[in-house]
Amino acid sequence: MKRKMIFSAMLAALAFIASAYDVKNPALVPVRFKEAPRHEALGLVEKGELRFAIITDKNAEKQRRWREEKSIAPAVELLQEAFEKCTGKKPEVFDVAELEKTKSYPLRIWVGESALTKKLGLDALSMPNQGYEIKTFPDGLAIVGNDSSLIENYPKDSGALRGTLWGAYDFAERFLGCRFFYPGELGSLWPKTDSLSIQPVDYTDSPRFLTRDPCWITWSMGDLRKTWEPIFGPYRKGTVYPDAVPFFERWRMVKATPFWAGHNPRPERFLKSYPDKKELIFYKAPNGNLYYNSQQHIGNYYDVTNLRFADLLVESLKKYYASGGRENDGWEQLNRFYIPFGQCDSDVPLPDMINNPTVVREKLITEENIKRGDVYSDIYGRFYQYLGERVKKEFPDKKLILLPYSNYTQAPLNPKWKLPDNIELRVCFYGMDKIRNPEIAAKWLKLVKEWSEAQQGRPVASLWLYNVPRFQFARAIAPSMAGDVAKLLGKYLGDNDLFLDQYGTLEWWYYYSNYAAVRSMWNPAFNIQAAMDEHWTPFYGKAGPYLKEFYDLLLESYLTYYVPGKERNALYPAPVLNRLEALLKQAEKSLPPDSVEMKRFRLFATPWPKAIEAMRNRMAYERPVYGVHQLLASEKITVDGHADEAVWAKIRALPLRDPGGTNDKPKFPAILKLAWDKQGIYGLAEMKHVPLADPKKSVWDNDSLEILLSPSLKGANLYHYALDPVGNLHFGTKEYVPVEKPYNSHWKSPGFKSVVKKDGDSWRVEFFIPYEDLKVKTPAAYDSWLLNLVRNKKSIPKEYSGTSMTLGNNHNIGMFGIMKFLGKGE
């Protein structure tokens, strides 16, 4: 078996070497070949010597100031870098006016459009958006692309077209064998060569999706600098990159259109401009619940049942454009082309919406709506139609971008709410990770098709895709399914972008799946398996065959155990875990300790020991049982934050663990204790660290304690309390029986009491929860409920711990522990 793996590794290495000369290498994005010219092969490199010079119009981009606006100059830099790192020789670069100086070179590489390339018959601006052509001639080779930098007065807000740069990257990959997997020298391959002869060729290419948004790369590199900088190398001053080249260029990522969709406008800023219109802006339920939160975005909900709110949005937009953007009521990403509107990132539960007078009068929630699933689709259809028509009248040169999301992801059910033709969509698409599940695929094909029909046959411009939260076994694979989404939806999906929300941050130890995702955004026909197979041995040396098997087993298990089920944290069989663990050990053992390959391996292996450990612990998990002390008649607790009653000293603290399932113990432990009597439940929490306690922040952004209870072992309903050191409180509830209902953040617990005390280096809280607020009778001794207590430490260093293995989802009631009401004195 070992000999077979080594032989396979040798074949992969040979294939990789050959791939530098194979224009049809299946590990690269497919390109469109034209009839090849007829001439001899071009010996660009012979016996280590360069036989060509680069010729470009050095003045072509003189009107462009920033690198992100340019294409030709970065393309020239890349080619110089690639040849120098692969051959040891840096090509000379000459302007088109310096042809006399190039006579010592028998061949040339023309880069970017110029008078010379036009004479060669290459017309850059007639190429597709960001398209390029690579074509050989008897005396050289041209790389010419559609570049916005060539267009006089091209507006910066239209997005950059960088066709020549993308052509240069394709040349470096296809002919020199360069590969770019993650930032820093560690993440790239620059194969050494002393010869390069290119056969006559002519091919073109352009991206399927115009924008491949680089935001998640820059956010990850910036937000997790302390994680990535020790691995990739020191960042250059003023950047979030260790390289001179922003890494997103290596992956051909760019925001090439001014299209944007999100939660817009910002609710706090919009209200500030119209303080007397709070109940026009935010939804108020018939029972009086007002969906407004002054401390954070979540908790706000625009009143889309009220068309007067749409009128207010239009008046705000008129003010913005009339003032040249100076008067802005909280709008983001407004431009000359698009007006994005999106509901706040919150929900209103059905009981608070179904009796709304407008909803009842207009029949916006019918039995059909409820059966269909996305109950609010007609509420939004009506609002979208009206807002679209208003925008079309007031701003005929602009389009309205909408964000179908949450429980209004589906198109309107009632055909009455067809959308006007000035509307574009970014539909939130929750099925990417399981797109190879036929049932899921059929559901999402139907959804996007219906949105296309609601737009009178126009395709959906963009999708908002989601990675899998927290579950490493799925996060390692899910992004690579992006191409499957595009292939499934076909003509119903437009060409703007697939916006891949990493649902956290982009982790570079899963570079392979994100590399696959971005390549699939360029061309959904990208052969992921070929690309993966090609890179293992060149990138990891002798460890390559083991890591190839590791990846293949990970993918096979994902498709076998994760994709078919409904849960997003599937269990994999023990033999799979054992083999994955063994392969990592074999890979590590095969590498010299200080080698480049070992450094790459360490990044690759980072998440897996703990991920495997956590899954094994899940297999062995039994709900922990916590005995809750019953107060004697002589034992009284006063909720004052002092915790000076003698009874607290004799109550055993509940142990905390990593909710994700690993064996890691909290580095900042907390003392959590519970007691009960005939009136309710008492609690004490003592945190021995300096808390983040900012009065301007919400309970979710400060240190906090969460109490989650279900008053039986059936898990029929959930009661949720959260509190922080400055006195912020949150109450919520959720029903699971007879049918699961949305979380209700407007539930109140009037009898709840809590008092917080802060010392210099710690904080303490006592609390009381009355049974009356939970609508239950006093439990009998030895009754049991479900319980999860969570401690969120937001001060640096952050830490997250709890009493149950909820796998990062504090509401995962199926994994809650058991609180047993003990007898008197116990």
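Keep in mind the model is a prediction, meaning the values are calculated, not measured.

## Digging into the sheet that holds strand β13 (residues 338–341)
- A sheet is described by the order of its strands in space; here five strands give the open sequence β13-β14-β15-β16-β17, paired in parallel fashion. A strand with exactly one partner marks an edge of an open sheet, and here the two such strands are β13 and β17 (493–501). Mean inter-strand twist for the sheet, computed between neighbouring axes without regard to direction, equals 20 degrees.
- Pairing geometry for strand β14 (residues 399–402) and strand β15 (residues 423–429), over three bridges, is parallel. Bridge pairing in β15 links L402 to L425.

## Observations regarding the pattern of salt bridges
- Under the definition given, this model contains 50 salt bridges.
- Linking D276 and K277 is a salt bridge whose minimum nitrogen-to-oxygen distance equals 3.7 Å.
- Where D433 meets R568, a salt bridge forms, and the shortest distance between an N and an O atom there is 3.3 Å. With D433 in the loop between β15 and α14 (438–454) and R568 in the loop between α19 (544–562) and α20 (574–589), this residue pair connects regions lying 135 residues apart in the sequence.

## Things to note about the state of the cysteines
- Within this structure, the stated rule accounts for zero disulfides.
- Cysteine C215 shares no disulfide, and the gap to the nearest cysteine sulfur, in C428, comes to 14 Å.
- On the accessibility criterion, C215 (12% relative accessible area) is buried.
- In this structure C344 is not part of a disulfide, and its nearest cysteine sulfur, from C428, lies 14 Å away.

## With respect to unusual backbone geometry
- At the junction of N264 and P265, the peptide bond is cis and its omega measures out at 5 degrees in the coordinates.
- Note that P265 resides in the loop between α7 (247–250) and α8 (267–273).
- Note the cis peptide between V737 and P738, where omega equals 5 degrees.
- Here P738 is to be found in the loop between β23 (729–735) and β24 (753–759).
- In the Ramachandran plot, Q333 falls in the positive-phi region, its phi being about 60 degrees despite a non-glycine side chain.
- In this fold, Q333 is placed in the loop between α10 (307–322) and β13.
- Accessibility expressed as a relative area gives 40% for Q333, which makes it partly exposed.

## Quick notes on the pairing of strand β28 (residues 817–824)
- Among the eight residues in β28, six count as buried, and that is most of the element.
- Sheet topology places strand β18 (residues 625–630) next to β28; five bridges connect them, and they run parallel. Residue pairing across strands places V625 opposite I818, the latter belonging to β28.

## Points about the nonpolar core
- Counting 203 residues, the largest nonpolar core has I109, F171, L463, F473, W508 and W608 as its most contacted members.
- No other element matches α19, which puts nine residues into this core.
- Filtering out sequence-adjacent residues up to four positions away, F171 remains in contact with L44, L79, F83, I109, I134, L141, I143, L176 and I198.
- By size, the runner-up hydrophobic cluster in this structure holds 31 residues, among which are L705, L709, L789 and F821.

## Considerations on the environment of P275
- With respect to the helices, strands and loops of the structure, P275 is situated in the loop between α8 and α9 (278–281).
- On the accessibility criterion, P275 (59% relative accessible area) is exposed.
- For the pair P275 and Y376, spaced 101 residues apart in the sequence, the C-alpha separation amounts to 27 Å.

## Here we look at the sheet that holds strand β4 (residues 52–56)
- Spatially, seven strands are ordered β1-β12-β7-β8-β6-β4-β5 in an open sheet, and the strand pairing comes out mixed. The open sheet is flanked by β1 (32–33) and β5 (93–95), the only strands paired with a single partner.
- Bridging between strand β7 (residues 132–137) and strand β12 (residues 202–205) involves four bridges; their strand directions are antiparallel. When the bridges of β12 are listed, Y132 appears paired with D205.
- In the packing of helix α4 (residues 163–176) onto the sheet, the strands contacted are β6 (107–111), β7, β8 (140–145) and β12, and the crossing angle to β8 comes to about 135 degrees.

## Overview of the pairing of strand β2 (residues 42–46)
- Along β2, four of the five residues are buried, which leaves the element largely enclosed by surrounding structure.
- Alignment of β2 against strand β11 (residues 196–198), held across three bridges, turns out to be antiparallel. From the neighbouring strand, V45 faces β11, where its bridge partner is L196.
- As defined by bridge partners, β2 adjoins strand β3 (residues 49–50) across two bridges and the pair is classed as antiparallel. Considered in β3, the bridge of E46 is made with E49.
- Here β2 folds back onto β3 in antiparallel fashion, the turn holding two residues, of which K47 has a positive phi close to 50 degrees.

## A closer look at the side chain of K434
- When you line up the elements, K434 lands in the loop between β15 and α14.
- Within the buried set, K434 has no salt-bridge partner at all; the shortest N-O distance to an opposite charge, 5.1 Å, is to D433.
- Among the polar contacts made by the side chain of K434, one reaches the main-chain carbonyl oxygen of G565 at a distance of 2.8 Å.
- For K434, the contacting residues outside a window of four places in its chain are I440, Y558, Y562, V563, G565, K566 and E567.

## Some remarks on the packing of aromatic side chains
- Inspection of every chain in the model, using the stated rule, returns 81 aromatic pairs.
- Ring centres of F171 and F175 lie 5.0 Å apart, and the angle between their planes is 45 degrees; on these two criteria the pair is classed as tilted. You can see F171 and its partner F175 sitting in helix α4, four residues apart, about one turn around the helix. The same class applies to F171 and to F175, which are both buried.
- Summarising the aromatic geometry, the rings of F550 and F604 are spaced 5.5 Å apart at their centres and angled 70 degrees between planes, so their arrangement reads as edge-to-face. With F550 in helix α19 and F604 in helix α21 (residues 596–605), the pair connects residues that are 54 residues apart, well separated along the chain.
- Using a relative accessible area of 1% as the deciding quantity, one classes F550 as buried.

## Considerations on helix α16 (residues 482–489)
- With respect to burial, α16 is a largely interior element, six of its eight residues being buried.
- Buried residues of α16: A482, G483, D484, V485, A486 and L489, and no others.
- Phi for G490, located one or two positions after α16, is positive at around 50 degrees.

## Comments concerning the side chain of D213
- Relative to the assigned elements, D213 resides in the loop between β12 and α5 (215–223).
- Buried D213, no salt bridge; nearest opposite-charge side chain is K255, N-O distance 5.2 Å.
- A polar side-chain atom of D213 sits 3.0 Å from the main-chain amide nitrogen of C215.
- In this view, D213 contacts M253, V254 and F499; residues no more than four positions away in its chain are not counted.

## A short note on the confidence of the model for the protein chain
- Predicted confidence across the protein chain gives a mean pLDDT of 94, with 98% of residues reaching 70 or more.
- A low-confidence stretch, residues 1–15 (pLDDT under 50), is modelled with 11 contacts involving residues beyond four sequence positions or located in other chains.

Rules used in this analysis
- Residues numbered from 1 in each chain as written.
- Predicted model: local features only at pLDDT ≥ 70, side-chain atom pairs only at ≥ 80, totals over all residues.
- Heavy atoms only, no water.
- Pairing = 2+ DSSP bridges.
- Helix = DSSP H or I, 4+ residues; strand = E, 2+ residues; numbered from the N terminus.
- Axes fitted to C-alpha atoms, helices over the stretch in contact; angles between N-to-C directions.
- Salt bridge = Lys/Arg side-chain N within 4 Å of Asp/Glu carboxyl O.
- Disulfide = S-S within 2.5 Å.
- Buried < 20%, exposed > 50% of the residue type's maximum accessible area, 1.4 Å probe, protein only.
- Core = buried A, V, L, I, M, F, W, Y, C linked by side-chain atoms within 4.5 Å.
- Contact = heavy atoms within 4.5 Å.
- Lys, Arg positive; Asp, Glu negative; His and termini not counted.
- Polar contact = N/O pair within 3.5 Å; in protein donor to acceptor, adjacent residues only side chain to side chain.
- Phe/Tyr/Trp six-rings, centres within 6.5 Å; stacked < 30°, edge-to-face > 60°.
- pLDDT = per-residue confidence, 0-100.

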